[in-house]
Amino acid sequence: MFEKNPYQLLKFSAAYGRQFRHKIFVIKLSGDTLTDPKTRRALCEQIALLWSFSIRIILVHGGGIELDQECQRLNIPIHKIAGRRITSAEVLQTAFKVFTEQVQPLVLGDLKSLGVTAVGLTGLDAQMIEAHQRPPISIKADGDAGEKVVDFGWVGDIVRVNPEILFDLLDQDKIPVIAPITGNRHGDMFNTNADTIASEIACAVQAEKLFFLLSVPGLLRDVHSRSSLISQIAFHELDTLEAEGVISGGMRPKIQAIKRALGSGVKAAHLVSGILPDALLIEVFTNEGSGTMMLAPAKQGVSS
């Protein structure tokens, strides 16, 4: 689209650039969009362009694929239910290493090469994200008729986000890049779902937009058909889609995170491809968009 009509890009970019100047975007990068170096670089180029428009960006990254690969290499069992990982002590230590020593430095390196000043963090830094260990909970797995009690191990549920360090970095024109590790005041460390972290940070900083960058174009009615993309959906329809099974697997925690954010002051949430060329820019800078947009309940029907 942009290659065929660069003037159109400039026209839309100028208009939306003015609209979003100095606003905060929280962008969650899923691990499967970061594995391929070319894909990761293309994503960072889009993020750098948004940053050049004085949009204040906070990045949260996953690393599930890399963590699975490292666990397999070390013969550490992998268990997931309803799209969420069960974290043993071994998995926790491996996650910390993978997220902070493998995934995050690659993102920081790409951003630095594009002239962006970025700072790598975890939720432990400056006690940014306080959490407690999740107690055993009842949960319904995909395909199960009923719920069962699951102990997720060293998984942290967020108590609060202390955003001061984030605001300080944003005021210095820097991009915080956050790995999904949290802790409590007793020194315990937890693996915390990156989707949840992105949502809670978006709430704490009252972000203009929350993005989830995926390996698929957005929310699909049929996971086997990319032409079934839902371009916009009303907040109240999300529960219906989950009951119908449209929302399942790893999409479930994303939708839960989006519902939390939209109900707490974030104006819009977007599910966007992190793989298709320029998909993030198209979503931000055009009326048509490229993925799925969800608006806060009072904002239904308002254009992005």
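Keep in mind the model is a prediction, meaning the values are calculated, not measured.

Basis of the calculations
Residues numbered from 1 in each chain as written. Predicted model: local features only at pLDDT ≥ 70, side-chain atom pairs only at ≥ 80, totals over all residues. Heavy atoms only, no water. Pairing = 2+ DSSP bridges. Helix = DSSP H or I, 4+ residues; strand = E, 2+ residues; numbered from the N terminus. Contact = heavy atoms within 4.5 Å. Axes fitted to C-alpha atoms, helices over the stretch in contact; angles between N-to-C directions. Core = buried A, V, L, I, M, F, W, Y, C linked by side-chain atoms within 4.5 Å. Buried < 20%, exposed > 50% of the residue type's maximum accessible area, 1.4 Å probe, protein only.

Peer 1: Is there a simple way to explain the sheet that holds strand 13 (residues 209-214) in this structure?
Peer 2: The strands that make up a sheet pair up through hydrogen bonds in the backbone, lying either parallel or antiparallel. Here we have 8 strands laid out as an open sheet, ordered 5-10-2-1-13-15-16-14, and mixed in their pairing. Each of the sheet's edge strands pairs with one partner strand only, and the pair in question is strand 5 (118-122) and strand 14 (232-233). Judged from the 2 bridges that link them, strand 2 (residues 56-61) and strand 10 (residues 175-179) form a sheet pairing that is parallel. In the sheet register, V60 faces strand 10, and the bridge partner there is I178. Here helix 2 (residues 37-52) sits on the sheet in contact with strand 1 (24-29), strand 2, strand 10 and strand 13, set at roughly 175° to strand 1. Across the sheet, helix 6 (residues 194-205) touches strand 1, strand 2, strand 10 and strand 13, and the angle it forms with strand 1 is around 175°.

Peer 1: How do you make sense of the nonpolar core when you look at a structure like this?
Peer 2: Across soluble globular proteins, nonpolar side chains have a tendency to be buried as a group. Judged by nonpolar contacts, the single largest core of 43 residues is most densely connected at V26, I58, L166, I201, L210 and L271. In terms of residues, this core owes the most to one element, helix 6, which gives 7 residues. Leave out the neighbours within four places in its chain, and L166 touches I58, L121, M128, P176, I178, I201 and V205. By size, the runner-up hydrophobic cluster in this structure holds 39 residues, among which are F25, L34, A48 and V116.

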